[in-house]
Amino acid sequence: MYAIQSPSGEPTRAAPFPAQRSTEHGQGFAVVDVETTGLGRTDRVISAGVYQLDAHGEVTDHWYTLVNPQRDPGPTWIHGLTSRELAGAPTFPEIADELGERLAGRVMVAHNALFDWNMISREYSRAGLRAPVEQRLCTMVLSRDLGLPLPNGKLASLAEYFGVQQRQAHNALDDARVLAEAFRPSLHLARQAGVPLPLTTCVAVTDLGEDVSSPARSGYTSSYRPSRKRPACPYPNPGRWVDGSPLMQGMRVAITGDTATDRELLEDRAIEAGLHIASSVSRLTSLLVTNEAGSWSGKARKAREFGTPVVGEDAFLHLLREVAPHPGV
């Protein structure tokens, strides 16, 4: 029912796409997935897949390319791309215009969209350019807003819910295809139910996190710096966050893993909203924020043990827009 015509054979660059008519969302949507050398600010894009959709969610074109990061490719056991395969690929500046043509005038759609946006934006910044994207839409946030009964925030769970078959997980083109297939019915459900699309303005990243003294990393590692000491939260803990409801002042929020937003900035925003930043996860923790829900960090393991609610970074930023006052205030 939700099937989309997928590319045949090996992924190749598609022919230039035809101009699309103007719509309520510009020329439509660009469903994007990038594979990277890791999750940090200094990590690089090594492949990119884009599915172009019109305003109704119908596919009009697809495109894929490898990208030579000019460094170690990182966790090849995850994305499957080796230094030998990437050696002959174009560098990001060499594909920037071609990628830009497929993004320009469209809403960028991705799963954990803040991560993909930051990775793409940093690559454009390194090339002395700005990514031609004005708005992004995170399907993790949209799924939550729609109240989809998903067990977690993984793309695989969203795909299973809509009966979409994953053929090659962590291949940028196949992940973009899977997301495109899952986004179309999500878009239709949102319009039928009158649920507004969670569009977020894209701000170009200027913090490239470059540190020439740091060795190249060989896997997904964190660039997180320990937080400075912060004042105590003035509100008592109202309990756990419940999916579908707003955050409330006093809630204890823990963060683990690398974040696209500078960690101290993310914590500052939470504290300014009246939340308590917890250094660990316990039975009293209201929410865990992580881009790697299945990781084996101590906080993630404790969250699974205690059944602590978990959301991605983009979803957390969305929740921070409207934090409810503490009932005792």
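This is a predicted model, so every value here is computed, not measured.

Draft legend 1. Structural detail: the packing of aromatic side chains. This structure, assessed with the given rule, holds 3 aromatic pairs. Relative to Phe162, the ring of Tyr161 lies with its centre 4.9 Å away and its plane at 85 degrees, an arrangement referred to as edge-to-face. Take Phe162: its relative accessible area is 7%, and that puts it in the buried class.

Draft legend 2. Spotlight on the packing of helix α8 (residues 263-272) against helix α10 (residues 313-320). Where α8 meets α10, the axes come as close as 10 Å, and the angle between the chain directions of the two elements is 30 degrees. Here α8 lies roughly parallel to α10, going by the angle between them. Every pair of crossing elements has a handedness; the one defined by α8 and α10 is left-handed. Taking contact as the criterion, the partners of Leu266, Arg269 and Ala270 in α8 are, on α10, Phe316, Leu317 and Leu320. When its residues are assigned to classes, the contact of α8 with α10 shows 5 nonpolar, no polar and 1 charged.

Draft legend 3. Local environment of α8. Here α8 has its buried residues at Arg263, Leu266, Glu267 and Ala270. Seen end-on, α8 carries its buried residues on one side only, within an arc spanning 95 degrees. Looking one or two residues past α8, Gly274 carries a phi angle of roughly 95 degrees, positive in sign.

Draft legend 4. Representation of unusual backbone geometry in the model. Here Gln70, not a glycine, exhibits a phi torsion of approximately 55 degrees, which is positive. Within the element layout of this structure, Gln70 appears in the loop between β3 (59-66) and α1 (76-79). Phi is positive for Asn112, which is not a glycine, with a value near 65 degrees. Mapped onto the elements, Asn112 comes out in the loop between β4 (107-110) and α4 (113-126).

Draft legend 5. Summary view of the environment of Gly274. Tracing the sequence through the fold places Gly274 in the loop between α8 and β8 (276-278). In this structure, the C-alpha to C-alpha distance between Gly274 and Gly250, residues 24 residues apart in sequence, is 6.0 Å. With sequence-adjacent residues up to four places away left out, Gly274 is seen in contact with Cys233, Tyr235, Gln249 and Gly250.

The rules behind the values
Sequence positions are assigned chain by chain, starting from 1 and proceeding in written order. Where local features are concerned, this predicted model is filtered to residues with pLDDT of at least 70; where side-chain atom pairs are given and counted, the filter is 80 or more; whole-chain, interface and lining totals use all residues. The basis for the side-chain values is all heavy atoms of the structure; hydrogens and waters are excluded. Note on aromatic contacts: the rings of Phe and Tyr and the six-membered ring of Trp form a pair at centre separations within 6.5 Å, being stacked when their planes are under 30 degrees apart, edge-to-face when over 60 apart, and tilted otherwise. The cut-offs for exposure are 20% and 50% of the maximum accessible area for each residue type, with area from a 1.4 Å probe on protein chains only; residues under the lower value are buried, those over the upper are exposed, and the others partly exposed. Fitting a line to C-alpha atoms yields each axis, with helices limited to the stretch in contact; the angle taken between N-to-C directions then spans 0 to 180 degrees. Only DSSP runs of H or I reaching four residues or more are called helices, and only runs of E reaching two or more are called strands; each is numbered from the N terminus. Note on terminology: angles under 35 degrees are roughly parallel, angles over 145 are roughly antiparallel, angles of 65 to 115 are roughly perpendicular, and the others are oblique. Note: crossing handedness is left-handed where the near helix turns anticlockwise from the far helix by less than a right angle, and right-handed where it turns clockwise. Between two residues, a contact is recorded if the distance between any of their heavy atoms is within 4.5 Å. Under the convention adopted here, Pro, Cys and the residues Ala, Val, Leu, Ile, Met, Phe, Trp and Tyr are nonpolar, Asp, Glu, Lys and Arg are charged, and Gly plus all remaining residues are polar. Each direction from the helix axis to a C-beta atom contributes to the arc, which is the arc of those directions.

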